[in-house]
Amino acid sequence: MRFFNTEGPNRVADHYTLPPLARWDLDAILRLIAQKKYFLLHAPRQTGKTTCLLALMEALNQAGQYRAVYANIEAVQAAREDLALGMATLCSVLGRAARQSTGEQAPEEWLRQQGDRVAPGDRLAMLLEHWSASDPRPLILLLDEVDALIGDTLISLLRQLRAGYPQRPERFPQTVILCGVRDLRDYRIHARSEPEVITGGSAFNIKAKSLRLGDFSRAEVQALLQEHTRETGQAFTPEALERVWTLTQGQPWLVNALAYETCFERPEGRDRSRPIDCGMIEQAKEQLILDRVTHLDQLADKLREERVRRIIEPMLAGTALGPVPEADRDYLVDLGLLRRAPSGGLVVSNPIYREVLPRMLAGGPQDSLPQIAPSWLNADGTLNLEQLLTAFLAFWRQHGEPLLGSAPYHEIAPHLVLMAFLHRVINGGGSLEREYAIGAGRMDLRLRYGQVSLGIELKVWRTGRADPLAEGLAQLDRYLDGLGLDSGWLVIFDRRNGQPPIAQRTRCEDDTSPAGRRIRVIRA
């Protein structure tokens, strides 16, 4: 029985699979190959790049006009700045790939006879010259994970390809496709011999195009899920189909992971007589986040990079982006972390990522929390909002100051500590939803616990700014209106210079919003 794949390239015999080449403009790719162009394919991790490259290789080889060889060259990364080891590893990988893809022995024979006699900086070019000339059919080379290489090894690869380019197709590959997560413009390379940063463009200025493999469309998400229905008879309700699209926005790994968790891991989903409903999808989404699956952990790891922090921190804080270089903005889009909204501006790529980013950042404060008795619960286990408010104020006065230092992003440290506290409150028995955006001026939270729902708005009072109370009350009105609630919390973190300690300035007061809602204003 086939299943939804979350590891490595798809195999049609094993995995539910959309036609890989249908995700590309195949005519455009074939035209580039016919024109003897070198180009790039890039997309975020686990979006189907390798599956598409393997399908392209198979299609080209079946047509018989070309020899197409796919090679994953990630192993070369281990050589780092060791050019001799890097080129030896790269050529060895290509030799094996030729034998496995087309049965050709020429590259490995050349390496045995000539390889050690050639300088590392020329070895790849001479191998490709010999290989290309060994058969009248033009050679098409598909190199995957190119951006895993660093330093001198990557520079040498790009420059040897550039040097041999004029000899194509008789004595050099007719087309080379470089594939990776990032576009070539982001290949920022330091060579030991050159102190300046070398960009990918300057080392490989023969590139004709840079193609991006997109996410699934709404129709493609539904088509993939219906593969499961055709094979097992288990249907997805229309609401469940729509929820998968909404949560993932078509990110291929997320679609597969959410469907696999729902249909193959959860007991209710394994009952093929039961249709997959929206509640099952929600439970699977929460489990993926709680399990910190590898894909989501990789995203969380990126949050430590300074160029990522420069964008994610103001986004979470709701402030303006400021003078962030375009290269940094493009980098986060290439990673798949953010996307450019049709209406303009950068937004988090999908609701699952939007949930993961602040939750991962709140991990440090959450692990640093002291033991807190659940005084916010009634005797019957329901949530008591007044007791929750009392517990939070006591917690913040006693522990807020020292816990701020455990947050990795200084500007939103209070937000992260509050979220850590609220995660202790829900503790598997509820949920915490977040809304935030660049320039929004706030972060909104919705805490759900059983039948109780609480809308919270977080604002920051910064030095030189007016008290954000009036603005916050109006904004919270709009948020609560969307939630259908008639009361909520407005939390104002006072980050102005020269303020008394948190224990002294934390207080709560009642206020009324412009629409007449009862608001608990917490000044922290």
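Residues numbered from 1 in each chain as written. Predicted model: local features only at pLDDT ≥ 70, side-chain atom pairs only at ≥ 80, totals over all residues. Heavy atoms only, no water.

**Q** Which residues make up the packing of aromatic side chains, and what are the values?
**A** Counted by the stated rule, this structure contains 11 aromatic pairs. Measuring from ring centre to ring centre gives 5.2 Å for Y260 and F264, while their planes differ by 15°; the resulting arrangement is stacked. In this pair, Y260 and F264 are both assigned in helix α10 (residues 252-265), 4 residues apart and thus about one turn of the helix distant. Residue classification places Y260 among the partly exposed positions, given a relative accessible area of 26%. Its relative accessible area of 17% is what places F264 among the buried residues. Look at F395 and F421: their rings are 4.8 Å apart centre to centre, the planes differ by 25°, and that puts the pair in the stacked class. Here the residue F395 occupies a position in helix α18 (residues 385-404), and F421 occupies one in helix α19 (residues 413-426), the gap between them amounting to 26 residues. Of the aromatic side chains, those joined through ring pairs into one cluster are W376, F392, F395, W396, F421 and F493. Here the basic side chain of R307 rests over the ring of Y331, its NZ or CZ set 4.0 Å away from the ring centre. (Phe/Tyr/Trp six-rings, centres within 6.5 Å; stacked < 30°, edge-to-face > 60°. Helix = DSSP H or I, 4+ residues; strand = E, 2+ residues; numbered from the N terminus. Buried < 20%, exposed > 50% of the residue type's maximum accessible area, 1.4 Å probe, protein only. Lys NZ or Arg CZ within 6 Å of the ring centre and 35° of its normal.)

**Q** So what about the sheet that holds strand β10 (residues 430-436)? Which residues, and what values?
**A** Two orientations exist for strands paired in a sheet by backbone hydrogen bonds: parallel and antiparallel. As summarised here, the arrangement of the 6 strands in space is β10-β11-β12-β13-β15-β14, forming an open sheet in which the pairing is mixed. This sheet does not close on itself; its edge strands, each paired only once, are β10 and β14 (507-512). For this sheet the average axis-to-axis angle between neighbouring strands, irrespective of direction, equals 20°. Across the sheet, helix α20 (residues 469-483) touches β10, β11 (443-449), β12 (452-461), β13 (487-494), β14 and β15 (518-523), and the angle it forms with β12 is around 155°. (Pairing = 2+ DSSP bridges. Axes fitted to C-alpha atoms, helices over the stretch in contact; angles between N-to-C directions. Contact = heavy atoms within 4.5 Å.)

**Q** Give me the lowdown on α19, citing residues and values where you can.
**A** Between its first and last C-alpha atoms α19 spans 20 Å; for 14 residues at 1.5 Å apiece the expected length is 20 Å, and the two agree. Summarising burial for α19: 13 of the 14 residues are buried, a large majority. Residue N427 follows α19 closely and has a positive phi angle near 40°. (Expected span 1.5 Å × (residues − 1).)

**Q** Pulling in residues and values, what's your account of the environment of P136?
**A** With respect to the helices and strands, P136 occurs in the loop between α5 (120-133) and β3 (139-144). Each C-alpha atom, one on P136 and one on E170, is 7.5 Å from the other, the two residues being 34 residues apart in sequence.

**Q** Tell me about the pairing of β3, and please be specific about residues and values.
**A** Burial of β3 is extensive: 6 of the 6 residues sit out of reach of the surface. Residues of β3 alternate between two faces, with L139, L141 and L143 on one and I140, L142 and D144 on the opposite face, all of them buried. Where strand β2 (residues 67-72) meets β3, 6 bridges bridge the pair, whose relative direction is parallel. The residue bridging V69 from the neighbouring strand is L141, located in β3. Relative to strand β4 (residues 175-180), β3 is paired through 4 bridges, and the arrangement is parallel. The residue bridging L142 from the neighbouring strand is I177, located in β4. With respect to chirality, the unit in which β3 leads through helix α6 (residues 151-164) into the neighbouring parallel β4 is right-handed. (Right-handed = clockwise from strand over helix to strand, strands pointing away.)

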